[in-house]
Amino acid sequence: MESIRQHTPRALLPLVVRVRFHLAWSRGGVRDNAHRQMEFLLGQTRPGADLTGAARGYVKQMIWRGEVRWHPDLVTSRRVEGIEHLIDARGLGRGVILSFMHHGFYDSAFPAIALAGAPPHMLMYPYMARDDAPRWIKQHVRVNSIGGGIPTSTDIGPQGILDLLAGGEIVAIASDVPGRTPVTFAGRRLLGSFGAARIALQAGSPLVLMTSERDQRGPHVRLHEALHPGDFDSPQSLLEEILSRHEKQVLAWPEATDLPLSRWGSPEPVESR
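These numbers come from a predicted model, not from an experiment. (Residues numbered from 1 in each chain as written. Predicted model: local features only at pLDDT ≥ 70, side-chain atom pairs only at ≥ 80, totals over all residues. Heavy atoms only, no water.)

A.B. asks: Can you help me understand the packing of aromatic side chains in this one?
C.D. replies: Centre distance and the angle of the planes are the two values used to describe a pair of aromatic rings. Overall, the coordinates contain five aromatic pairs when judged by the stated rule. Note on Phe-100 and Tyr-106: the rings are 6.3 Å apart at their centroids and 15 degrees apart in plane angle, and the pair reads as stacked. Each member of the pair, Phe-100 as well as Tyr-106, carries the same accessibility label: buried. Each ring, one from Tyr-125 and one from Tyr-127, has its centre 6.4 Å from the other, and the planes form 15 degrees; the classification is stacked. Take Tyr-125: its relative accessible area is 45%, and that puts it in the partly exposed class. Owing to a relative accessible area of 40%, Tyr-127 belongs among the partly exposed residues under this scheme. Aromatic ring contacts, followed pair by pair, group Phe-100, Tyr-106 and Phe-110 into a single cluster. Across the ring face of Phe-21, the terminal group of Lys-60 is positioned such that the distance to the ring centre comes to 4.9 Å. (Phe/Tyr/Trp six-rings, centres within 6.5 Å; stacked < 30°, edge-to-face > 60°. Buried < 20%, exposed > 50% of the residue type's maximum accessible area, 1.4 Å probe, protein only. Lys NZ or Arg CZ within 6 Å of the ring centre and 35° of its normal.)

A.B. asks: I would appreciate a short explanation of the packing of helix 9 (residues 157-166) against helix 10 (residues 195-203) in the present structure.
C.D. replies: When two helices pack together, you describe them by how their axes are tilted relative to each other and by the distance separating the axes. The N-to-C vectors of helix 9 and helix 10 enclose an angle of 50 degrees; their axes lie 10 Å apart at closest approach. Regarding the angle of helix 9 to helix 10, the classification is oblique. As helix 9 runs across helix 10, the sense of the crossing is right-handed. Touching Ile-161, Leu-162 and Leu-165 of helix 9 are Ile-199, Gln-202 and Ala-203, all from helix 10. The class makeup of the residues in the contact of helix 9 with helix 10 is five nonpolar, one polar and no charged. (Axes fitted to C-alpha atoms, helices over the stretch in contact; angles between N-to-C directions. Helix = DSSP H or I, 4+ residues; strand = E, 2+ residues; numbered from the N terminus. Parallel < 35°, antiparallel > 145°, perpendicular 65-115°, else oblique. Left-handed = near helix turned anticlockwise from the far one by under 90°. Contact = heavy atoms within 4.5 Å. Nonpolar A, V, L, I, M, F, W, Y, C, P; charged D, E, K, R; others polar.)

A.B. asks: What should I look at first to understand the sheet that holds strand 5 (residues 170-174) in this one?
C.D. replies: Where strands meet in a sheet, backbone hydrogen bonds hold them as pairs that are either parallel or antiparallel. Strand order in the open sheet formed by seven strands is 1-9-8-2-5-3-4, and the pairing between neighbours is mixed. The open sheet has two free edges, formed respectively by strand 1 (80-81) and strand 4 (150-153), since each of these has just one partner strand. Pairing of strand 8 (residues 207-215) with strand 9 (residues 218-223) involves six bridges; the strand directions are antiparallel. Of the residues in strand 9, the one forming a bridge with Met-210 is Leu-223. Sitting on the sheet, helix 6 (residues 83-90) is in contact with strand 1, strand 2 (96-100), strand 5, strand 8 and strand 9, with an inclination near 150 degrees to strand 2. Its contacts with the sheet put helix 10 on strand 2, strand 5 and strand 8, and the angle it makes with strand 2 is roughly 165 degrees. (Pairing = 2+ DSSP bridges.)

A.B. asks: How do you make sense of the nonpolar core when you look at a structure like this?
C.D. replies: Generally speaking, soluble globular proteins have nonpolar side chains that are buried together. Ranked by size, the top nonpolar core spans 42 residues in total, and within it Leu-41, Val-59, Ile-97, Phe-185, Leu-207 and Trp-264 carry the most contacts. Core analysis: the next-biggest nonpolar cluster, separate from the first, contains 21 residues, Ala-89, Val-96, Leu-98 and Ala-226 among them. (Core = buried A, V, L, I, M, F, W, Y, C linked by side-chain atoms within 4.5 Å.)

A.B. asks: Is there a simple way to explain a nonpolar patch on the surface in this structure?
C.D. replies: A cluster of nonpolar side chains, Leu-12, Leu-15, Val-19 and Leu-23, forms an exposed patch at the surface whose accessible area comes to about 350 Å². Mapped onto the fold, Leu-23 is located in helix 2 (residues 13-25). Look at Leu-23 and you get exposed, because its relative accessible area is 55%. (Patch = residues over 30% accessible without salt bridge, like charges linked within 9 Å, V, L, I, M, F, W, Y side chains within 5 Å. Areas by Shrake-Rupley, 256 points an atom, 1.4 Å probe, with all protein chains shown as cover. Salt bridge = Lys/Arg side-chain N within 4 Å of Asp/Glu carboxyl O.)

A.B. asks: It is not clear to me how the pattern of salt bridges should be interpreted in this structure. Could you clarify?
C.D. replies: Pairing between side chains of opposite charge can happen when their charged atoms approach one another. Scanning the model with the defined rule gives 12 salt bridges in all. The salt bridge involving Asp-258 is made with Arg-65; its shortest N-O contact spans 4.0 Å. With a gap of 193 residues between them, Asp-258 in the segment after helix 11 (235-252) and Arg-65 in helix 4 (residues 51-68) connect regions that are remote in the sequence. For Glu-241, the salt bridge goes to Arg-245, with nearest N and O atoms at 2.7 Å. Taken together, the residues span about one helical turn, with Glu-241 and Arg-245 both in helix 11 at a distance of four residues. Since its relative accessible area comes to 27%, Glu-241 is described here as partly exposed. The class for Arg-245 is partly exposed, based on a relative accessible area of 36%. Counted as one network, the salt bridges with shared partners bring together Arg-65, Asp-258 and Arg-263.

Geometric values such as these leave the question of function open.
Below you can see the structure in the form of structure tokens.
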């Protein structure tokens, strides 16, 4: 199957996605899961939203993302807006935290950023580097290495991240991972991670947000002006600012969020309408 995907002509990809979507949408379990994923994001923030329409868009987006990783030329050509913010932040010499969420074409953003002159270390779970990792995971890691990006295991721990930052490196850290810190996102009380905010404050490193957006020219990656830890009175206030800014872009394009229900811990069961 992977070999077929690799050799599918680029012009046929929209047709492949349409066919795969119709097959997937015909299954009740797929429809129910997609509905729950979108209700999680929109149930408290956009009452009355067309959840069925959002769910359909979500399934199409997941399929498209799965196909694109087998076509590196589409990955490396991703448009990046605001690369100067990341390069300027790196120029301060204290390293940079690149904060992202599993939204849009986040997994094709890193090669494009690397090729634009700012290759990051991308933290990943240890199992992703194992020989017995699924082939699509291996392809995901392989594609994200294009341009000089460095997949880096979370086994290095907080001190390893601090060492990278001290050496002036860019470290990409997801800000939507389960943890033990109470946070508010999409109108829900959840459990998230203090990681990016706490490490930025410890290292005194600027933090640049990476978001996925759309305009008349299509989807693209945007890098925002750096946040500086010294401008915040506490790790909590920095974390709240990070999540607020990411939330704005996620809710502007909710169906592009990759498995939102899996990205957070919950202090209590998530209600589903």
